Amino acid sequence: MDVLEIARWQFGITTVYHFLMVPLTIGLGLTVAVMQTAWHRTGKEEFLRMTKFWGKLFLINFIMGVATGIVQEFQFGMAWSEYSRFVGDVFGAPLAMEALLAFFLESVLLGLWIFGWDRLPKRIHLATIWIASLASIFSAYFILVANSWMQHPVGTEIVDGRATMVDAWAVFTNNTALVTFPHTIFGAFAVAGGFLLGISWFHLYKRRQAGIDTVDAAGKVIVGESGTLGKNRDKVDYQVWIKSLRIGAAVAMVSFMGVALSGHAQAQLMIQQQPMKMAAAEAACHDGTGFSLLSVSDLRGGGATTCDNVVGVFEIPGLLSFLAHDNFTTEVKGVNTLLPEYQEKYGTHLPDDPMYGERAGSEINYLPVMEVTYWGFRLMITLGGLSAVAAAVALWLTRKGTVPHSKWISRLAVLGILAPLGGNSAGWIFTEMGRQPFVVAPNPSFQGIDQVFMYTAAAVSPGVSAGEMLFSLIALVSIYAFLLVVEVVLLIRYVRGGIGSAMPELHEHPDDGDKDTDVLSFAY
Amino acid sequence: MDFLPTLWFILIAVLWGGYLFLEGFDLGVGMLMKTFAKNEKQRRVLLNTVGPVWDGNEVWLITAGAATFAAFPYWYASLFSTLYVPLTLVLVALIFRAVAFEYRGKAHTLAVRNAWDWAIFLGSFVAAFGVGAMLALSTTGLPLNANGDRVGGPFAWFNMYAVLGGLAVVAFCLIHALAFLGLKTDGDIRARAARLVARWLPVALTPLAAWAVAVVLLNRSVVALAPLGLAVGALLFAWFRARRNNEGLVFIGLGVFLLAGVAAIFTAAYPNVLPSTIDAAFNLTVSNASSTPYTLKLMSIVAAFGLPLVLAYQAWTYWVFRKRVTEEHIPEAHNVTPIV
């Protein structure tokens, strides 16, 4: 592997990893804010417990997002210095604004929320979680503006060989960003919904298994209490789980609808902005209208600039045209039509320029790795759809107040937490890999500024050796693997501990409280 | 004079100053976890003096990095790619440190807590040293070619300024943290911290002062003599007050020393943002490394609104958590017991 390939693996791995934590932070943050608001409004104990329990899991996850986020910012300069030089004038601005206007707010206010339970007036304390979680959504907007500019560079001119911003309004209202933002945010809420659903299901099932909750002849729940296993398996405990479960299922279903609608809008832009990505998503060699359900090829034949060995096994006629053009007849261009167009427009070979390193003068392959784009696209849709169906089924199964007494469904519910996470990752891998060989994709249909593009091969740091890049890749991958185990172990421990894990005061005797009122309500 | 690039050069200096001032004491507290705290209770007191604020402090680093990317892409690209290996270590350090802050208290055994303490200690040390080395090299020069790329191997950047800058920030963080503990705790910790500050303050501040003097001499900067003089004055003031045990004034003195020192360093380096040690013609300067006036103007408007706001709510946070943290305030540790 050379520097470029290592740098790409590193960016891919660190970004996908970072984005395991981010959606849960975004989705769960606002959910916790809503729970605390419900407590503030109604004064009901179950909402306080929900806030504390989900808030605890939120924080265990949040810190990993913070820790891995710094890598994201640093590696543009470290591993992609030519990219940074070329795009800095445009791309740097949203990143700097993210830090100054959003991430500061999120970090500082979250500190206030965590430690402020007994230091702030209730109303202000409630405001801190709202501001922090809204800031995380604001943060996502800035990052997606930056990413969308790589997919669809607008508001920009090339001056002295670098991209310069000429229209900030265009950059910050990029139509790609405006559809990617809801898609990503709904995707994040789908993750939070699945998380609430899976964990609450697990607890309700355990209550049934322990004989605490039973059902009557009509299948309706009879809520019980357990005095032996600690105070937190009382009737309030039941309320926490059933409400969390049903909120989670509802959030997951609504999110899926949002994801689907915004995804549809995205596909329609993609067909104009990056037609090759759409063709590669379908493994469509020839023009057509059908959405492929299964295509096969001899995989090792790929890598070349050809698309002749893909055989469509089964496709739904008209569906691709609907996705792209809202009708069933307009043909969507296939790879074999697009390749000559790209070659004519951008050349068949990379320029013989030292900035391309070893790749200077080599042939350009405009075809993304189709196995990745094709299956990435399908995995995203399948996992997203499955989550939505599962959420609907969950609502139906729990309509009489509790979960069925079935170990297997309970396991499926817990496993289902991974589905929306996987869907998010698959979608991002698809859209980023589908942009190749460009790091900044050209705009074929927008005359005037279509010189704004950059090949990934030109973006990597020329001064950094493969050895250095490999060192950081190995270091980060091992640390990330280790920390993922730590995070998951902690999450499981806190989940198994139930509400008491986040509210130790439930275990203690509340009567002898007066003597140590000075003790911090929360401390590291 | 390029007005907007100069303004942004100043703003980036302000961001680094803000970062070193704020994260200075939480990096220092991190290093004191293994060297100063006597027992588990004291370690938890230390941790909780910075608990609510360290994450917000760290955002100054992220903002400084992102602002450099936006305002001086060439500076950002050359500096970060040239220092690839040390910055990788800084990232590893910051990752472990952040996670350890949050996860330490969730450990069930003292052995695991001890492991996280090492992560906090080493993470704080490596991050402080690395950031110091990076800033020292940025103000004294790196082996860059005409394109701004490193000439030489992965360690071609290494020289005595890297060591001096690293030491300067580590030592400053330690003394700053001790002064901070004087304001934030009571009892044994407070008393011992005060004694250490009085004894070690001049030694701890010498490397940073030496770095500032070196940059001023290298650039023969007359203007920078003013902030340099202020820094030396603040050092003497802080030392004098430390011997009289005026904790608040010591802390203020240290802050003025740091900010004046950073001002002297950046003023002397101006208009270079990153000199090349290969050829002065390859120097990155405020004019040849900056973004366009359009972008800088946009960013200036955002900063004019955003930075005061950040300062306001961050200051409010320190006000909310102004109470001293003592051993009596630390709740008992609770192990999480599975109910299912």
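Reading the values: the criteria
Residues numbered from 1 in each chain as written. Chains lettered and ligands numbered in written order. Predicted model: local features only at pLDDT ≥ 70, side-chain atom pairs only at ≥ 80, totals over all residues. Contact = placed C-beta atoms within 7 Å. Helix = DSSP H or I, 4+ residues; strand = E, 2+ residues; numbered from the N terminus. Nonpolar A, V, L, I, M, F, W, Y, C, P; charged D, E, K, R; others polar. Pairing = 2+ DSSP bridges. Axes fitted to C-alpha atoms, helices over the stretch in contact; angles between N-to-C directions. Parallel < 35°, antiparallel > 145°, perpendicular 65-115°, else oblique. Left-handed = near helix turned anticlockwise from the far one by under 90°.

(A) Just the interface of chain B and chain A, in detail. Each partner contributes to the interface: chain B provides 71 residues, whereas chain A provides 74 residues. At the level of secondary structure, the elements contributing two or more residues to the side of chain B that touches chain A comprise helix 2 (40–50), helix 3 (54–71), helix 4 (73–82), helix 5 (84–103) and helix 11 (293–320) of chain B. Counted by class, the side of chain B that touches chain A contains 43 nonpolar, 20 polar and eight charged residues.

(B) Seen up close, the pairing of strand 1 (residues 156–159) of chain A. Residues and elements named next belong to chain A. Alignment of strand 1 against strand 2 (residues 162–165), held across four bridges, turns out to be antiparallel. By the bridge assignment, Val-159 is partnered in strand 2 with Arg-162. If you look at the hairpin formed by strand 1 and strand 2, you'll find two residues sitting between the two strands, and Asp-160 has a positive phi there, around 50°.

(C) Structural view of the environment of A:Thr348. All names here are of chain A. Looking at where Thr-348 falls in the secondary structure, it is placed in the loop between helix 10 (335–346) and helix 11 (370–397). Placed 191 residues apart in sequence, Thr-348 and Glu-157 show a C-alpha to C-alpha distance of 24 Å. Among all residues touching Thr-348, those that are not within four sequence positions of it are Gln-343, Glu-363 and Ile-364.

(D) Main features of the packing of helix 1 (residues 3–35) of chain B against helix 7 (residues 160–184) of chain B. All names here are of chain B. Contact geometry of helix 1 with helix 7 gives a least axis separation of 7 Å together with a crossing angle of 85°. Overall, the two elements helix 1 and helix 7 adopt an arrangement that is roughly perpendicular. Across the interface between the two elements, Leu-20, Gly-24, Phe-25, Leu-27, Gly-28, Val-29, Met-31 and Leu-32 of helix 1 pack against Val-169, Phe-172, Cys-173, Leu-174, His-176, Ala-177 and Phe-180 of helix 7. Among the residues forming the contact of helix 1 with helix 7, the class breakdown is 12 nonpolar, three polar and no charged.

(E) Expanded view of the packing of helix 6 (residues 175–209) of chain A against helix 11 of chain A. All names here are of chain A. Taken N-terminus to C-terminus, the directions of helix 6 and helix 11 make an angle of 40°; their axes are 11 Å apart at the nearest point. Taken as axis vectors, helix 6 and helix 11 run oblique relative to one another. Viewed along their axes, helix 6 and helix 11 form a crossing whose handedness is left-handed. For the pair helix 6 and helix 11, contact is made by Ala-190, Gly-193, Gly-194 and Leu-197 and by Gly-384, Ser-387, Ala-391 and Ala-394, respectively. Residue composition of the contact of helix 6 with helix 11, by class: four nonpolar, four polar and no charged.

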